[in-house]
Amino acid sequence: MSTRKYFGTDGIRGRANTFPMTAEVAYRVGMAAGKMFMSNADRRHLVVIGKDTRLSGYMIEPALVAGFTSVGMDVRLFGPLPTPGVALMTRSMRADLGVMISASHNAFMDNGIKLFGPDGYKLSDEVELEIEARMDGDILQGVAEPHKLGRVQRLDDAQARYIEIVKASFPRNLTLNGLRIVIDCAHGAAYKVAPLALYELGAEVICIGVSPDGLNINEKCGSTHTDAMAVKVKEMRADLGIALDGDADRVVICDENGKVVDGDQIMAIVAGHLADKGLLKGGGVVATVMSNLGLERFLEGKGLKLERTKVGDRYVMERMREGGFNLGGEQSGHVILSDHATTGDGLMAALQVLAVLVERGKPMSKLGRQFETVPQILKNVRFTGVSPLNSEAVKQAIREGEEMLKGSGRVLVRPSGTEPLIRVMAEGDDEKQVKAAVNMIADAIKA
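Remember, predicted model here, so these are calculated numbers, not experimental data.

J.: What should I look at first to understand the overall build of the chain in this one?
T.: Along the chain, the regular secondary structure elements total 14 helices and 19 strands. For 447 residues, the compact-globule formula gives about 22 Å, and the C-alpha radius of gyration of the chain, at 22 Å, lands near that figure. When its C-alpha atoms are laid out on the principal axes, the chain stretches across 70 × 60 × 40 Å. Seen as two clouds, the 55 positive and the 57 negative side-chain charges of the chain have centres 1 Å apart.

J.: Can you walk me through a nonpolar patch on the surface in this structure?
T.: Judged by side-chain polarity, Leu55, Tyr58 and Leu215 come together as a nonpolar surface patch covering roughly 340 Å² of accessible area. For Tyr58, the position within the fold is in helix H2 (residues 57–70).

J.: Just to check I follow, could you spell out the packing of aromatic side chains for this structure?
T.: The geometry of an aromatic ring pair comes down to the distance between the two centres and the angle between the two planes. What the rule picks out here adds up to 2 aromatic pairs. Both rings, one in Tyr6 and one in Phe19, keep their centres 5.6 Å apart while their planes meet at 55 degrees; by these two values the pair is tilted. Here Phe19 lies in the loop between strand E2 (11–15) and helix H1 (23–37) and Tyr6 lies in the segment before strand E1 (7–8), a separation of 13 residues in the sequence. Taking 6.3 Å as the distance between ring centres and 40 degrees as the angle between the ring planes, the aromatic pair formed by Phe298 and Phe371 counts as tilted. With Phe298 in helix H9 (residues 293–301) and Phe371 in the loop between helix H12 (364–367) and strand E17 (376–382), this residue pair connects regions lying 73 residues apart in the sequence. Taken as a pair, Phe298 and Phe371 share a single burial class, namely buried. The ring of Tyr58 is capped by Lys51, whose NZ or CZ atom sits 4.3 Å from the centre of that ring. Seen from the ring of Tyr121, Arg321 lies directly overhead, with NZ or CZ sitting 3.5 Å from the centre.

J.: What's the story with helix H14 (residues 431–446) in this structure? I'm lost.
T.: Counting along an α-helix, one turn takes 3.6 residues, and residues three or four places apart therefore face a common direction. Along its 16 residues, H14 runs 22 Å from first to last C-alpha, staying within 8% of the 22 Å computed at 1.5 Å per residue. Among the residues making up H14, those that are buried are Val434, Ala437, Val438, Ile441, Ala442, Ala444 and Ile445. Angularly, the buried residues of H14 cover 160 degrees about the axis, an arc narrow enough to put them on a single face. For H14, the exposed residues set more than 90 degrees away from the buried face come down to Lys432 and Lys446. Where H14 is buried, its residues contact E17, helix H13 (392–404), strand E18 (409–415) and strand E19 (421–428). A distance of 3.0 Å separates the backbone nitrogen of Lys432 from a side-chain oxygen at the start of H14, and that oxygen is part of Asp430.

J.: So what exactly am I meant to see when it comes to the sheet that holds E18 here?
T.: Strands pair in a sheet through their backbones, by hydrogen bonds, and they do so in one of two ways: parallel or antiparallel. Reading across the sheet, the 3 strands line up as E17-E19-E18 and stay open at both edges, with antiparallel pairing between neighbours. Only two strands of the sheet have a single partner each, and these edge strands are E17 and E18. When strand polarity is set aside, the average angle formed by the axes of neighbouring strands in this sheet is 10 degrees. Against the sheet, H14 contacts E17, E18 and E19, and its axis sits at roughly 10 degrees relative to E17.

J.: Is there a simple way to explain the sheet that holds strand E5 (residues 97–101) in this structure?
T.: One open sheet holds the 7 strands; their spatial order is E1-E2-E6-E5-E3-E4-E7, and the pairing between them is mixed. The two strands at the open ends of the sheet, each matched to only one other strand, are E1 and strand E7 (152–154). Here E2 pairs with strand E6 (residues 110–116) via 4 bridges, running antiparallel. Its bridge partner being in E6, Arg15 is matched across the sheet by Asp110.

J.: Just to check I follow, could you spell out the side chain of Arg250 for this structure?
T.: With respect to the helices and strands, Arg250 occurs in the loop between strand E10 (240–244) and strand E11 (251–254). Here Arg250 falls in the buried class, since its relative accessible area comes to 10%. At 3.2 Å, the side chain of Arg250 forms a polar contact with the side chain of His105.

J.: I keep staring at the packing of helix H3 (residues 83–92) against helix H5 (residues 158–168) and nothing clicks. Help me out?
T.: Packed helix pairs are characterised by how far apart their axes lie and by the angle those axes make with each other. Packing of H3 against H5 leaves a shortest axis separation of 10 Å and a crossing angle of 90 degrees. One way to sum up the angle between H3 and H5 is to call them roughly perpendicular. Residues Pro84, Gly85, Leu88 and Met89 of H3 form the contact with H5, whose own contacting residues are Ala158, Arg161, Tyr162 and Ile165. Taken together, the residues of the contact of H3 with H5 sort by class into 6 nonpolar, 1 polar and 1 charged.

J.: How should I be thinking about the pattern of salt bridges in this particular structure?
T.: Opposite charge on two side chains allows them to pair when their charged atoms are near. Here the structure, examined in full by the defined rule, presents 36 salt bridges. Asp247 serves as the salt-bridge partner of Lys114, at 2.8 Å between the closest nitrogen and oxygen. Here Asp247 lies in the loop between E10 and E11 and Lys114 lies in strand E6, a separation of 133 residues in the sequence. There is no split in this pair, since Lys114 and Asp247 are both buried. A single network of salt bridges, built from pairs that share partners, joins Asp10, Arg13, Lys114, Lys122, Asp247, Asp249 and Asp313.

J.: Sorry if this is basic, but what is going on with the nonpolar core here?
T.: By size, the foremost hydrophobic cluster in this structure holds 71 residues, and its most contacted members are Phe78, Leu176, Ile181, Ile242, Ile253, Leu354 and Met364. Other than its neighbours up to four places away in sequence, Met364 contacts Asp239, Leu240, Ile253, Cys254, Asp255, Glu256, Val261, Ile269, Val353 and Leu357. If you look at the next biggest cluster of nonpolar residues, it comprises 31 residues, including Phe37, Leu77, Leu123 and Ile131.

What counts, and where the lines are drawn
Residues numbered from 1 in each chain as written. Predicted model: local features only at pLDDT ≥ 70, side-chain atom pairs only at ≥ 80, totals over all residues. Heavy atoms only, no water. Helix = DSSP H or I, 4+ residues; strand = E, 2+ residues; numbered from the N terminus. Rg over C-alpha atoms; globule rule 2.2 N^0.38 Å. Lys, Arg positive; Asp, Glu negative; His and termini not counted. Charge placed at Lys NZ, Arg CZ, Asp CG, Glu CD. Patch = residues over 30% accessible without salt bridge, like charges linked within 9 Å, V, L, I, M, F, W, Y side chains within 5 Å. Areas by Shrake-Rupley, 256 points an atom, 1.4 Å probe, with all protein chains shown as cover. Salt bridge = Lys/Arg side-chain N within 4 Å of Asp/Glu carboxyl O. Phe/Tyr/Trp six-rings, centres within 6.5 Å; stacked < 30°, edge-to-face > 60°. Buried < 20%, exposed > 50% of the residue type's maximum accessible area, 1.4 Å probe, protein only. Lys NZ or Arg CZ within 6 Å of the ring centre and 35° of its normal. Expected span 1.5 Å × (residues − 1). Arc of directions from axis to C-beta. Contact = heavy atoms within 4.5 Å. Polar contact = N/O pair within 3.5 Å; in protein donor to acceptor, adjacent residues only side chain to side chain. Pairing = 2+ DSSP bridges. Axes fitted to C-alpha atoms, helices over the stretch in contact; angles between N-to-C directions. Parallel < 35°, antiparallel > 145°, perpendicular 65-115°, else oblique. Nonpolar A, V, L, I, M, F, W, Y, C, P; charged D, E, K, R; others polar. Core = buried A, V, L, I, M, F, W, Y, C linked by side-chain atoms within 4.5 Å.

Here is the structure:
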């Protein structure tokens, strides 16, 4: 595959106002993607754009708008809306393209651009490479004549539309009446829609992380900083807590005691429930190489399989579509429910867990521990120069680590997609062995 200059594992991402996250790059993305997704049909073409609450969104959004309108595409602006909402609205509004401006769980100084095709799914690597080629080509070729420039409108009911879509994923015969729920929106894209959806389904809602100021997104809150949620749950004696990340495509839950329930446990809860009802498709679940061995064993115990992909919810979704699966996700809390959504949706995933909770009448502490987690250790080893993974000494250390855990665990060594890091992960039944394997491989990389 060709080298990627702009796109990474999940769209374009970087520090705001530095390459590639500049207004100029955003403008070029708009022009290149706009031209690529405009068919020859004699009709108006439409792109929809959502964003999270980062200050730099005010810079990126108008640059994208300028690019799209310059090639003749009409634009609808959603304002703050979760990433899965943009994906769903792209399809429901029959748009040619959807764009989300967000750096997900990253701090405010980063931002990103994610693109969705007219079907609401993230673009393939091949399509992203084609957009890159156009961005670096003669960008002004084929721009619109003055009378054919695109028009722009702000869509005021985007959030209300998304709330209705989310609520429709919750079983009609159930209600959240009597449940006290803490929701942490990470001062991000779901700060309005998530509390309202839960309230309208009947819950008593306690909100944190709902006062964005452009700089506080994901700051000591949300799915990557769960302490805030856990503390609030215990303080308010809530039944459970729900923490979303900045663009609300991932979720982490905690029980009434403040104990965290991660993406693997959430997938186990939903998979078991769907399987019991005969609604789980594909014979199992799709997850990444990072999901815990405990999840795999849990599914095997139910006669189900766990199919693994490389890291990235886009690759999970691709495998789900190929194999006819309707549940997949990542340990980090991306959970994809393809019967309802085209990408990870934190709020929808939380609602599926809540449906199980209500149906079974169990507290979250009884539901949240579907399997015993196998000890898993991850070390990030920074390097300079060429990748040390080509070194014979490192290859030998990996072989020895795999031999050490043979039959009781596994080793995974992979380069980071965004930094000069090698991620060394091992898991197995014997924690001392796991630690020894990780340290041996990490030492070989550092040498």
